[in-house]
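Each chain is listed here by its residues.
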Amino acid sequence: MLELIKKAEETHTLSKNEIVELLKDDQYNDELFKAADRVRKKYVGDEVHLRGLIEFSNICKQNCLYCGLRRDNKNIKRYRLKPEQIINFAKNARNLGYRTVVLQSGEDDFFNVERMTKIIKSIKQLDIAITLSIGEKTREEYKAYKEAGADRYLLRIETTDKELYEKLDPNMSHENRKRCLKDLKELGYEVGTGCLIGLPGQTIESIADDILFFKEIDADMIGVGPFIPNPDTPLKNEKGGTFELSLKVMAITRLLMPDINIPATTAMETLNVNGRLIALRSGANVVMPNVTEGEYRKLYALYPGKICINDTPAHCFSCITGKINSIGRPIAKDYGYRKKVMSKK
Ligand code: SAM
Ligand code: SF4
Ligand code: FES
């Protein structure tokens, strides 16, 4: 096993069987995390990039079985921020010191191309990078958002197991999800994707495929998070993913993709009070604190136990910067684009 970790650290390649072996054996987890931390330090440095997350609508036309925002969930109060509110939250984030905002929502058709491009253009004037995470769109829409000033896009593949994906995401097609990621890459976005760990029916072999898929499409950012069952969804009685396995998938991803951006995900902190710091010491170099204001944080309820639901953007900013500094890591002051040491292109 130590040989495999060494090989991954030195060559940044592993076969599917080797990834499966690493994922199945927990004896050398500490060595794996340390190796991922070394690779992180060598390729992307000690700086941690903060991205301010604005959750601007919890209205969704999709019905993903795992997600609290799914269309059929009637136990959730729906909201949609006004464009001026979104721009204001971005302004406040900029004033706190963020150099990137992430605009995330359910698939809400109210935010059509006209409305969305206006918002993007206004926020862009604040001299801040923009990441969108608003789901599956047409190539033309993605193109319009890019031209309006969006820099990055987050769209998790969730799982590369097509059958499982289409079971858990009714009426969505795995082909279309992959088409979206390809279009985004071709249009010049920095592309973030990732997967959920612990979905019912997911195998270790398919998780190994997920990691190889990230590498194959040369993703610029990978977010790995545990699936946390939501009591208001059909998957309420499922077990969900573990912190340890999510961390291992993240660490192996770092070994195989040394120069990408990897967030310490919020869902990891939900399962472990020090989850984000542990992730930052096991390969991660990005944190996405919430900059949504007021009651909306609570209403953006993907899963139970979400952190920071009663906190303010200013509080979260000082909390997380303090924690990051406490492990000897500085906060980056630039926009945080991928450093592209290893890219194929
Ligand atoms: N609607 C967009 C989409 O699906 O890409 C963006 C918002 S969606 C809420 C963001 C991410 O939340 C999804 O990619 C999914 O991985 C994650 N998510 C949803 N339900 C979850 C759950 N129960 N546990 C952990 N993560 C979850
Ligand atoms: Fe909607 Fe995204 Fe949740 Fe699926 S994961 S129900 S697309 S918000
Ligand atoms: Fe929100 Fe710590 S990051 S309270």
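Residues numbered from 1 in each chain as written. Chains lettered and ligands numbered in written order. Predicted model: local features only at pLDDT ≥ 70, side-chain atom pairs only at ≥ 80, totals over all residues. Heavy atoms only, no water.

1. Focus on the UniProt feature "binding site: [4Fe-4S] cluster" (unreviewed entry) in the chain
When the UniProt feature table is mapped to this numbering, "binding site: [4Fe-4S] cluster" (unreviewed entry) covers Cys 60, Cys 64 and Cys 67. Relative to the elements of secondary structure, Cys 60 occurs in the loop between β2 (52-57) and α4 (83-96). The exposure class assigned to Cys 60 is buried, which follows from its relative accessible area of 15%. Leaving out residues up to four positions away in the same chain, Cys 60 has contacts with Leu 69, Arg 71, Arg 78, Gly 106 and Glu 107. Here Cys 64 shows up in the loop between β2 and α4. Assessed through its relative accessible area of 12%, Cys 64 is described here as buried. In this view, Cys 64 contacts Arg 70, Leu 168, Asp 169, Pro 170 and Met 172; residues no more than four positions away in its chain are not counted. (UniProt positions renumbered as here; feature names shortened; annotations may be inferred. Helix = DSSP H or I, 4+ residues; strand = E, 2+ residues; numbered from the N terminus. Buried < 20%, exposed > 50% of the residue type's maximum accessible area, 1.4 Å probe, protein only. Contact = heavy atoms within 4.5 Å.)

2. Comments concerning the site of ligand 1
Around ligand 1 sit 18 residues in total, of which Tyr 66, Ser 105, Arg 156, Glu 158 and Ile 228 are the nearest. Arg 156 is positioned such that a nitrogen or oxygen atom in its side chain is 2.9 Å from an oxygen atom of ligand 1. For the shell around ligand 1, the residue count by class is ten nonpolar, five polar and three charged. (Near = heavy atom within 4 Å. Polar contact = N/O pair within 3.5 Å; in protein donor to acceptor, adjacent residues only side chain to side chain. Nonpolar A, V, L, I, M, F, W, Y, C, P; charged D, E, K, R; others polar.)

3. A closer look at the nonpolar core
In this structure, Ile 54, Leu 103, Ile 123, Leu 132 and Tyr 189 are the most contacted members of the largest nonpolar core, which totals 105 residues. With nine residues, the top contributor of residues to this core is helix α10 (residues 243-256). Non-local contacts of Leu 103, meaning those with residues more than four positions away in its chain, are made with Ile 54, Phe 56, Ile 86, Met 116, Ile 119, Ile 123, Ile 130, Thr 131, Leu 132, Ser 133 and Ile 134. With six residues, the next largest nonpolar core counts Val 102, Leu 154, Val 286 and Met 288 among its residues. (Core = buried A, V, L, I, M, F, W, Y, C linked by side-chain atoms within 4.5 Å.)

4. A closer look at the packing of helix α2 (residues 16-24) against helix α9 (residues 204-216)
Between α2 and α9, whose axes approach to 9 Å, the crossing angle comes to 120 degrees. In terms of orientation, α2 and α9 fall into the oblique class. As for the relative orientation of α2 and α9, their crossing is right-handed in sense. Counted together, Lys 16, Ile 19, Val 20, Leu 23 and Lys 24 of α2 and Ile 204, Glu 205, Ile 207, Ala 208, Asp 209, Ile 211 and Leu 212 of α9 form the full contact between these two elements. Looking at the contact of α2 with α9 residue by residue, the classes come out as eight nonpolar, no polar and four charged. (Axes fitted to C-alpha atoms, helices over the stretch in contact; angles between N-to-C directions. Parallel < 35°, antiparallel > 145°, perpendicular 65-115°, else oblique. Left-handed = near helix turned anticlockwise from the far one by under 90°.)

5. Details of the site of ligand 2
Taken together, Cys 60, Gln 62, Cys 64, Tyr 66, Cys 67, Leu 69, Arg 70 and Gly 106 make up the full set of residues near ligand 2. The class makeup of the residues in the shell around ligand 2 is five nonpolar, two polar and one charged.

6. A short note on empty space enclosed by the protein
Scanning all chains against the criterion turns up three cavities of 30 Å³ or more. Within this model, the second largest cavity holds a volume of roughly 50 Å³. Along its surface, the second largest cavity is lined by Arg 51, Arg 152, Tyr 153, Leu 154, Glu 190, Val 191, Gly 192, Asp 220, Met 221 and Asn 261. Among the residues forming the lining of the second largest cavity, the class breakdown is four nonpolar, two polar and four charged. (1 Å grid on protein atoms, 1.4 Å probe; cavity = no way out; pocket = protein on both sides within 12 Å on 5 of 7 lines; lining within 4 Å. Points joined across faces, edges and corners; volume = space filled by probe spheres on them.)

7. Notes on unusual backbone geometry
One non-glycine residue, His 12, lies in the positive phi region at around 60 degrees. Tracing the backbone shows His 12 in the loop between α1 (2-11) and α2. In this structure, Asn 171 is a non-glycine residue whose phi angle is positive, near 65 degrees. Mapped onto the secondary structure, Asn 171 falls in the loop between α7 (162-168) and α8 (174-186). For Asn 171, a relative accessible area of 74% gives the class exposed.

8. Section: the UniProt feature "domain: Radical SAM core" (unreviewed entry) in the chain
Under the feature "domain: Radical SAM core" (unreviewed entry), the UniProt entry names residues 46-265. Between the end C-alpha atoms of residues 46-265 the distance is 18 Å, and the span holds 38% helix and 16% strand.

9. What to know about the pattern of salt bridges
When the charged atoms of two side chains with opposite charge come close together, those side chains can pair. Under the criterion given, the structure shown has 33 salt bridges. The salt bridge partner of Lys 248 is Asp 26, with a shortest N-O separation of 2.8 Å. With a gap of 222 residues between them, Lys 248 in helix α10 and Asp 26 in the loop between α2 and α3 (29-44) connect regions that are remote in the sequence. Between Lys 124 and Asp 151 there is a salt bridge, with the nearest N and O atoms lying 2.8 Å from each other. (Salt bridge = Lys/Arg side-chain N within 4 Å of Asp/Glu carboxyl O.)

10. Some remarks on the environment of Cys 308
Tracing the sequence through the fold places Cys 308 in the loop between α13 (296-299) and α14 (313-326). Sequence-wise, Cys 308 and Lys 91 are 217 residues apart; in three dimensions their C-alpha atoms are separated by 20 Å. Setting aside chain neighbours within four positions, we find Cys 308 in contact with Arg 297 and Cys 316.

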